[in-house]
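Inside the fold
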Amino acid sequence: MADPPRRQRPAGPGGAAPGDRPVEPPLWEQLAEQHAALPQGERLQKVLAQRGYGSRRVCEDLVSAGRVTVNGEVAALGRRVDPEHDRVAVDGVPVPLAAGLVYYVLNKPAGVVTTAKDTHGRPTVVALVPGEPRVVPVGRLDADTEGLLLLTNDGDLTYRLTHPSFGVEKEYLAWVDGRPSAGAVRRLRDGVDLDDGRTAPARVSQPQPGMLRITIHEGRNRQVRRMCEAVGHPVLRLVRVRIGPLRDATLEPGTWRELTPDEVRALYDATKT
Ligand code: URA
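Residues numbered from 1 in each chain as written. Predicted model: local features only at pLDDT ≥ 70, side-chain atom pairs only at ≥ 80, totals over all residues.

Looking at helix α6 (residues 223-230)
Every buried residue belonging to α6 is among Val224, Met227 and Cys228, and all of these are buried. Buried residues of α6 fall within an arc of 95 degrees about the axis and therefore sit on the same side. In this structure, the buried side of α6 is in contact with β10 (170-176), α5 (182-190), β14 (211-216) and β15 (235-243). Following α6 by one or two positions, glycine 232 adopts a phi angle in the positive range, close to 90 degrees. (Buried ≥ 20, exposed ≤ 12 C-beta atoms within 10 Å, placed from the backbone. Helix = DSSP H or I, 4+ residues; strand = E, 2+ residues; numbered from the N terminus. Arc of directions from axis to C-beta. Contact = placed C-beta atoms within 7 Å.)

With respect to the sheet that holds strand β5 (residues 88-90)
Pairing within the open sheet is antiparallel, and its four strands lie in the order β3-β2-β5-β6. Taken across any chain shown, the strands that pair with only one partner, and hence form the sheet edges, are β3 (73-74) and β6 (93-95). Pairing of β5 with β6, which is carried by three bridges, proceeds in the antiparallel orientation. By the bridge assignment for β6, alanine 89 is matched with proline 94. (Pairing = 2+ DSSP bridges.)

Details of the environment of glutamate 258
With respect to the helices and strands, the residue glutamate 258 is situated in strand β16 (residues 256-258). Remark: the alpha-carbon pair of glutamate 258 and valine 129, spanning 129 residues in sequence, is separated by 9.9 Å. Excluding residues that lie within four positions of it along the chain, glutamate 258 makes contacts with Val102, Tyr103 and Tyr104.

Brief notes about the pairing of β14
For a regular strand, side-chain orientation follows a simple rule: the groups alternate between the two sheet faces. Of the two faces of β14, the one lined by Leu212, Ile214 and Ile216 is fully buried and the one lined by Met211, Arg213 and Thr215 carries no buried residue. Of the pairings in the sheet, the one linking β10 to β14 comprises six bridges and is antiparallel in character. Paired with leucine 173 across the two strands is arginine 213, which belongs to β14. Bridge analysis of strand β13 (residues 203-208) against β14 gives four bridges, and the strand direction is antiparallel. Following the sheet pairing, glutamine 208 is matched in β14 by methionine 211.

Notes on helix α3 (residues 56-64)
Looking at α3, one finds that the buried residues are Cys59, Leu62 and Val63. The buried residues of α3 all sit within an arc of 95 degrees when viewed along its axis, so they share a single face. Turned more than 90 degrees from where α3 packs its buried face, Arg57 and Val58 sit exposed. The inward-facing, buried residues of α3 contact α2 (44-50), β2 (68-70) and β5.

Re the site of the ligand
In the vicinity of the ligand, the contacting residues are Leu141, Asp142, Thr145, Arg222, Gln223, Val224, Arg225 and Leu238. The greatest single-element share of the shell around the ligand, amounting to three residues, is contributed by α6. By residue class, the composition of the shell around the ligand is three nonpolar, two polar and three charged. Per-domain counts for the shell around the ligand show at least three residues from each of domain 2 (103-164 + 246-270) and domain 3 (169-243). (Near = placed C-beta within 6 Å. Nonpolar A, V, L, I, M, F, W, Y, C, P; charged D, E, K, R; others polar. Domains from an automatic or database assignment.)

Shown next as structure tokens:
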């Protein structure tokens, strides 16, 4: 570590005497100066690299390019952060730093409810993932719906993924009664009138007769079921296969895994406004 700067004794009225030696500042002052120069927190590029933003070199470039802010201010290279308290964002998208944040993706089986407790004693999704730290489901799937469900204790991400203003896409496979005509598919695409209003345009295709692939970005109650019902094709089986950028066709029903830092980052990215 660099020596603390030495101070010269102020020259007296007659100027410094020849051979005058620099005077040590008092110990408390030296310690205060050393403390101020001490590295506080972790280097920003290291923290970003650990959160999946690329190698440290790539993260240094992100910082140098002015794309990273700490507590709302553009960070300079060499900046250190306190992961527990500082708010870091890349391109305006928050980077979750606090220790203890966990992110699970569960392949929810049919018959399991998305509430914390069920009055009918049915199994709940929270009972299928570790109990500590406590996590909550991000949004809801009906008891009969299967497929991907996130659970986390990151309130910010939960808010972003569920609030309609962020409009994160969710993709479903719906096996329906009958074989929807091209007209029925078009109606689903354009928007159908439900009792809580017309649905926003959706992406809809029919990869197999009687099986629809439906992508929506609203999160209304039982939306896909009600849409299909409205065009005369009640849903027989419904599976969510994608949440924003997140897919996982390998997760067995009833099992879960932790998200990778890359996946968490991609989810935050998907909520960029
Ligand atoms: N749409 C539905 O109808 N049910 C779900 O569980 C999710 C989306």
